[in-house]
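Observations on the model geometry
For reference, the chains in residue letters:
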Amino acid sequence: MCHNHMELKTQGFTMKATMKNYVVMGPPVAGAFRERPFKPTTFRKFYDRGLFPTALKHDAKGNRIKWQVEIETLDYHHYLPLFFDGLRETVYPYEFFARQGTHDMLEHGGPKIRPVIPQLIMPIKNALNTRNRQVICTTLKVLQHLVLSGDMVGEALVPYYRQILPICNIFKNMNINSGDGIEYGQQNRMNIGDLIKETLELFELHGGEHAYINIKYMVPTYELMSSIQPMATMYSRHEVAKSNSLHQFSRAEDKPLKTRFRNQQAAKKHNEPDESLPRLGTGQMTLLPAISTEEASAGQNQERNKLLPRRP
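A few points on the structure. This structure is a prediction, so every number in the text was calculated from the model and none was measured. (Residues numbered from 1 in each chain as written. Predicted model: local features only at pLDDT ≥ 70, side-chain atom pairs only at ≥ 80, totals over all residues. Heavy atoms only, no water.)

**A word on the overall build of the chain**
Our working definition: Per the convention used, a helix needs a DSSP run of H or I reaching at least four residues, while a strand needs a run of E reaching at least two, with both numbered from the N terminus. Only protein chains enter the area calculation, which uses a 1.4 Å probe; residues under 20% of their type maximum are buried, those over 50% are exposed, and those in between are partly exposed. To be clear on the numbers: accessible area is Shrake-Rupley with a 1.4 Å probe, and residue cover counts the displayed protein chains and nothing else.
Per the secondary structure count, the chain includes 13 helices and six strands. Every one of the 312 residues in the chain was classed for burial, and the buried ones make up 34%. As displayed, the chain has an accessible area near 20200 Å², and 53% of this comes from carbon and sulfur atoms.

**Focus on the packing of aromatic side chains**
For clarity, the threshold we go by: Pairing of aromatic rings covers Phe, Tyr and Trp, the last through its six-membered ring, and needs centres within 6.5 Å; plane angles under 30 degrees mean stacked, over 60 mean edge-to-face, and all others mean tilted.
Counted under the stated rule, the structure contains 14 aromatic pairs. Taken together, a centroid distance of 5.8 Å and an interplanar angle of 50° make the contact between Trp67 and Phe83 tilted. Remark: Phe83 occurs in helix H2 (residues 76-85) and Trp67 occurs in strand E4 (residues 62-67); sequence separation between them is 16 residues. As far as burial versus exposure is concerned, Trp67 and Phe83 are alike and both buried. Grouped by ring-pair contacts, the aromatic residues Phe43, Phe46, Tyr47, Phe52, Trp67, Tyr79, Phe83, Tyr92, Tyr94, Phe96 and Phe97 constitute a single cluster.

**Some thoughts on the pairing of strand E3 (residues 54-59)**
Each regular strand shows side chains that alternate between the opposite faces of the sheet. Filter applied, for reference: Strands pair, by our definition, only if DSSP identifies at least two bridges between them.
Pairing analysis gives six bridges linking E3 to E4, with the strands arranged antiparallel. Across the sheet, Ala55 pairs through a bridge with Lys66, a residue of E4. The hairpin formed by E3 and E4 contains two residues between the paired strands.

**A look at helix H4 (residues 117-129)**
Put simply, the rule reads: One less than the number of residues in a helix, times 1.5 Å, gives the span that helix is expected to have. Residue contacts are defined here by distance: any two heavy atoms, one from each residue, within 4.5 Å place the two residues in contact.
If you check H4, its first and last C-alpha atoms are 18 Å apart, about what 13 residues at 1.5 Å a residue would give, namely 18 Å. Of the positions making up H4, those classed as buried are Ile117, Leu120, Ile121, Pro123, Ile124, Ala127 and Leu128. In the core, the buried residues of H4 are packed alongside H2, helix H5 (133-147), helix H6 (153-156) and helix H7 (161-171). Positive backbone phi, approximately 60°, marks Arg131, located one or two places after H4.

**Here's the deal with the environment of Tyr161**
Looking at where Tyr161 falls in the secondary structure, it is placed in helix H7. Counting along the chain gives 56 residues from Tyr161 to Tyr217, while the straight-line C-alpha distance between them is 9.4 Å.

**As for the packing of H7 against helix H9 (residues 211-218)**
Basically, it comes down to this: Angles run from 0 to 180 degrees between N-to-C directions of axes, and those axes are lines fitted to C-alpha atoms, restricted for helices to the stretch in contact. To sort the angles, those under 35 degrees are grouped as roughly parallel, those over 145 as roughly antiparallel, those from 65 to 115 as roughly perpendicular, and the leftovers as oblique. Note: crossing handedness is left-handed where the near helix turns anticlockwise from the far helix by less than a right angle, and right-handed where it turns clockwise. Polar here means any residue other than Ala, Val, Leu, Ile, Met, Phe, Trp, Tyr, Cys and Pro, which are nonpolar, and Asp, Glu, Lys and Arg, which are charged; Gly is therefore polar.
At a closest axis distance of 9 Å, the pairing of H7 and H9 adopts a crossing angle of 50°. It follows from the interaxial angle that H7 and H9 lie oblique. For the pair H7 and H9, the sense of crossing is right-handed. Taking contact as the criterion, the partners of Tyr161, Arg162, Leu165, Pro166 and Asn169 in H7 are, on H9, Ala211, Asn214, Ile215, Tyr217 and Met218. Looking at the contact of H7 with H9 residue by residue, the class counts come to seven nonpolar, two polar and one charged.

See the structure below:
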């Protein structure tokens, strides 16, 4: 006689999970990469009402925005957050006008952009939280343009890394693995992993001396820029944003190992912080000069070696 055993599914850590005919289901999918729905943006409402001084211009190079007024005369506190809010749009013509209008305003903004940064954080956060691949790529390109749009803009963004960088930490390793094939869409710059890497490097380069430690706090797997990695143990980056140059560094405090060791011991005895060392939590990222293992051993044992008798 044949018995049909019917298997039933149940959640773990329940009484049914101990019964014979029940199969324990696995945990549900967290959905970290799942796209989130979003409500209609304020940009769409303003565009449908015709409240933007823009028009579509057809050109031989493609579609462009024709501004009916000079961009420099616009109220950036009013219009720039609205265009940033439209970065969540994925439907034409809203997506085109929001994206192109944002780049046009950033290109002609100059000193007007920095005071508006606190109003741009929530639209940027909402755009990244949609987890839509197209929206994320568009927002990352806008962030790169924003950092380069004016002086001290990169440093003004540092306090808001906690709102911007969590999504970058999730999608940081999302690269296109084509094997030995050729990715013909490189010119479109739609690879999220590469865009996040470029954006974080620009944040580090133009964010001042406190940028790296704040990026490292939100994206633990982020490392120093590859172009300055070999020199990171010999030099310290100080006010790189003012120089806008990748290879301009200031020499770190060049003290002999013996002197630094004595200062450390004196600081411990008097319970005073050693100013020659970087203090965690304060953003001081000054790196000490590189010292080989042989030099370190010779410096630490220098006093001991003087006491030892010399061999004939």
